[in-house]
Amino acid sequence: MARPSRTLQPGTPAPGRQGWRWMASAYLALAHLLDWAPSLAHASLLEPATDITNAMVSRVERWEPVPGSEPSIGPPGEGAQGQWHPVELPQAIQRKATTRAAVNLPLPTVWYRTACPVPAAQETLALYLPRVNGGPLQVWLRNAQATRQLLDNSPAWPSQWNQPILLRLPSAAAQPHGSCLLFLALPPRADGSYALSRLWLGAETELQSLWSARQRWVVTVPLAASTTLVMLGLFSLAFWWRRRKDTAYLYFGLASLAWWLRNLHYGIELPQNLDALRWFWWATDASMTWVMLLVYLFSLRFATRRFPWVERLLLGFAVLVSAMSMPFLPWALDTPLLLHAANTLVAMGVTLLIAGSAWRGSRELRVLALALCICLGLGVHDLALLQLRISPESLYLMPYAMVLVLGAFLYAVNRRYISALEHAEGAAQVLQDKLSEQQRALQGNFALLAEVENERVRLTERQRLTRDMHDGLGAMLVSSLGQMEQGRLSQGDVAQVLRDCLEDLRLTIDSMEPIDQDLTTLLATLRQRVGHRLAQGGITLHWHMDDLPPLPWLDAPAALHVLRIVQEALANVVKHSGAANVTLSATVDTGPGVCVQIEDDGRGLPSLAGNTPGRGLNHIDERARQLGGHARILPGHLGGTVVQLWLPLEGPPPPATDGFRHSRWPAP
């Protein structure tokens, strides 16, 4: 809060200041509404737990010198020209403002006196003053022996405006009642206005509690609140730095820094140099306007509609009053009260606008509007205290105003955070519902696709079986039936044809059995089927199998191709080779692939020399190509024939356009 010594004399504005008069009048009308605040604040916050009201002195004597008499250096003596008159404390006096040239010249000293109380045994007396405004304080003690000065606060008087004073009295004050007098001298400065609260004379231990309580509320708590606000403001600025669109956090962070500058005079020693002191007070006075601007910009971020013209006017007002109140201007001495009065009027208008918007706006804005209304009332109270319209014992309440704004900010941020969480949870629930719906739809589609796929597999398998039975078993039966009708087949031949048909049917059925992509199991099934036939032909079957890896592509159609290739090779051994032994082996090839080999010790195939293989050998080669592999027929090392079938590990490639796959046999 600005120093109380810089005030205007009501009713006597300085020449050239007539345009501000209506602002000051409006402000003074508001100030009278808060006359009850001092007693309430002092009684509720600053009174100690113990009853020491007997130490309070509210009635003292004030010296009225004879006009034109020379002021005395010390307390007026018995022969001084003047008279002591009883007055009631607290007392506030306003005088006409001086010019800048005379601002540092002291006015006539104002003297007060009171009798020292009689202390109890072993009790140290002390003097406690809640507030002295307008100039330095001097304390003198007079008894029967001498008059001496106990305190001269002139070096530190700029910082005295809000600091309570506690002074221990010497043992010389312990005199019979009335024989020891205590004098208080106030040499007013600047405009000559001054204020003196009630004083307390009593035991030091009891008055110490009063001084500590007031020191806590006028210095410690405001500084702690400002520091806390700055820390939260820095956090708000850091949040805004990551989310530039949320300008509310920017304005709140800047407002907290401006508020820290505004309250800086509560906790530091003010400059002793007069020019430096003026610039310091200008910074604190002007910062209040910027605090108001930033707080309103922050609050308007929560309005349902924007008021860009209001924001531009507020910015122009802040720049104007900051420039017009600079200390080097000729009217600078009169501006603090007018500046704060103008701030109050502007604050009333903008607060009313925000309150109107909050009536139909969000809950956050209503809480902010309520906080701003309370802050406006606190500001009017402090301006009344600044102008000495209310008791000087009252506290400046504006340091606590930003606590309300802080609470409103935390409420608004909490509401936004909860709203964002609820929105996110709602969106997540909507997405979950949509996902569940899509999952149900996908499950239905999957079930339909699975049914279609099963139907396709069944149809494909049915078609394959039909084709195999038509091309194999059916063709064999039709051919045999024609030969029987022509009388070409004997009873033994018919039995052999039927056995071949039955074997072909069993082979088709074996290809449908689950083998888990295991070629060894598939070949073992074939061995069981054809072993007895080889034995009937006098041929011994030898079995050699490596540890073969699974073949991912070995499904029922592919298995049938493999079985028919091996069956065709073994049938050729039985029919044409005249062999006594046949070896069925399967090894892993470096292709990478698997090599299935059927080798007999018979007489071999005569057709190999002329390079004209029969239909059965052509079928073997064609089926191998459909599997992505290759078949070849070679003469054995010791005679006989070797049929080799090479199969890939990963699977056959897509079919060629001509229906065949031209595979290259892997290098050995």
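Read on for an overview of the structure. (Residues numbered from 1 in each chain as written. Predicted model: local features only at pLDDT ≥ 70, side-chain atom pairs only at ≥ 80, totals over all residues. Heavy atoms only, no water.)

The tendency in soluble globular proteins is for nonpolar side chains to be buried as a group. Core analysis: the biggest nonpolar cluster contains 52 residues, and F252, Y296, F298 and I354 have the highest contact counts within it. Elements supplying a minimum of two residues to this core: α3 (204-242), α4 (247-262), α5 (274-300), α6 (308-324), α7 (335-359), α8 (363-386) and α9 (401-485). Looking at this core element by element, the count peaks at ten residues for α5. Sequence-distant contacts of F252, that is, excluding residues within four places in its chain, are made with L229, L232, G233, S236, F298, V405, L406 and F409. (Core = buried A, V, L, I, M, F, W, Y, C linked by side-chain atoms within 4.5 Å. Buried < 20%, exposed > 50% of the residue type's maximum accessible area, 1.4 Å probe, protein only. Helix = DSSP H or I, 4+ residues; strand = E, 2+ residues; numbered from the N terminus. Contact = heavy atoms within 4.5 Å.)

Quick look at the packing of α5 against α8 now. Packing of α5 against α8 brings their axes to within 10 Å, and their N-to-C directions diverge by 155°. Between α5 and α8, the angle is such that the two are roughly antiparallel. Of the two possible hands of crossing, α5 and α8 adopt the one that is left-handed. Taken together, the residues of α8 that come into contact with α5 (itself represented by V295, Y296, F298 and S299) are L365, L368 and L372. (Axes fitted to C-alpha atoms, helices over the stretch in contact; angles between N-to-C directions. Parallel < 35°, antiparallel > 145°, perpendicular 65-115°, else oblique. Left-handed = near helix turned anticlockwise from the far one by under 90°.)

Before going further, it helps to spend a moment on the pairing of strand β15 (residues 581-589). Sheet topology places strand β14 (residues 540-545) next to β15; six bridges connect them, and they run parallel. From the neighbouring strand, L541 faces β15, where its bridge partner is V582. Of the strand pairs in this sheet, β15 and strand β16 (residues 593-600) are connected by eight bridges, and their pairing is antiparallel. Bridged to S585 within β16 is Q597. The antiparallel hairpin formed by β15 and β16 contains three residues in its connecting segment. (Pairing = 2+ DSSP bridges.)

Reading across from one edge, β4-β12-β7 is the order of the three strands in this open sheet, with antiparallel pairing throughout. On the outer flanks of this sheet lie β4 (91-93) and β7 (132-133), each paired with one strand and no other.

The next point concerns helix α11 (residues 519-536). Since the α-helix turns once every 3.6 residues, residues separated by three or four places project in the same direction. Look at α11: 26 Å from first C-alpha to last across 18 residues, which is about the 26 Å you get at 1.5 Å a residue. Of all the bends in α11, the largest measures some 40° and sits at V530. For α11, every residue scored as buried is listed here: L519, L522, L523, L526, V530, R533 and L534. The positive-phi residue at the C-terminal boundary of α11 is G538, with phi of around 75°. (Expected span 1.5 Å × (residues − 1). Bend = angle between axes of the 7 residues up to and from the residue.)

Our focus in this paragraph is a nonpolar patch on the surface. On the surface, a nonpolar cluster with roughly 340 Å² of combined accessible area is contributed by M231, L234, L254 and L257. Positionally, L234 belongs in helix α3. What makes L234 partly exposed here is its relative accessible area of 42%. (Patch = residues over 30% accessible without salt bridge, like charges linked within 9 Å, V, L, I, M, F, W, Y side chains within 5 Å. Areas by Shrake-Rupley, 256 points an atom, 1.4 Å probe, with all protein chains shown as cover. Salt bridge = Lys/Arg side-chain N within 4 Å of Asp/Glu carboxyl O.)

Here we come to the side chain of N153. Turning to its location among the elements, N153 is positioned in the loop between β9 (147-152) and β10 (165-168). In terms of polar contacts, N153 uses its side chain to reach the side chain of Q160, at 2.3 Å. (Polar contact = N/O pair within 3.5 Å; in protein donor to acceptor, adjacent residues only side chain to side chain.)

The tally for this structure, following the rule as stated, stands at twelve salt bridges. In this structure, R262 engages D285 in a salt bridge whose closest nitrogen and oxygen atoms are separated by 3.7 Å. One end of the pair, R262, is in helix α4; the other, D285, is in helix α5, with 23 residues separating them in the sequence. Neither R262 nor D285 differs from the other in exposure class; each is buried.

Scanning the model with the defined rule gives nine cavities of 30 Å³ or more in all. As a volume, the largest cavity reaches approximately 350 Å³. In terms of lining residues, the largest cavity is bounded by 22 residues, among which M288, A347, C375, G379 and M398 are the most central. With six residues, α8 is the single largest residue contributor to the lining of the largest cavity. Class assignment of the residues belonging to the lining of the largest cavity gives a composition of 17 nonpolar, four polar and one charged. (1 Å grid on protein atoms, 1.4 Å probe; cavity = no way out; pocket = protein on both sides within 12 Å on 5 of 7 lines; lining within 4 Å. Points joined across faces, edges and corners; volume = space filled by probe spheres on them. Nonpolar A, V, L, I, M, F, W, Y, C, P; charged D, E, K, R; others polar.)

Take the sheet that holds strand β17 (residues 630-635) next. Read across the open sheet, the five strands follow the order β14-β15-β16-β18-β17; overall the sheet is mixed. Both outer strands of the open sheet, β14 and β17, are each paired with one neighbouring strand and no more. With direction set aside, neighbouring strand axes in the sheet form an average angle of 15°. Sitting on the sheet, helix α12 (residues 556-577) touches β15, β16 and β18 (641-648), and the angle it makes with β16 is about 15°.

Next up on the list: unusual backbone geometry. The omega angle of the peptide bond from L89 to P90 is 5°, so this bond is cis rather than trans. Here P90 is to be found in the loop between β3 (82-88) and β4. Unusually for a residue other than glycine, L388 sits at a positive phi of about 65°. Note on placement: L388 falls in the loop between α8 and α9.

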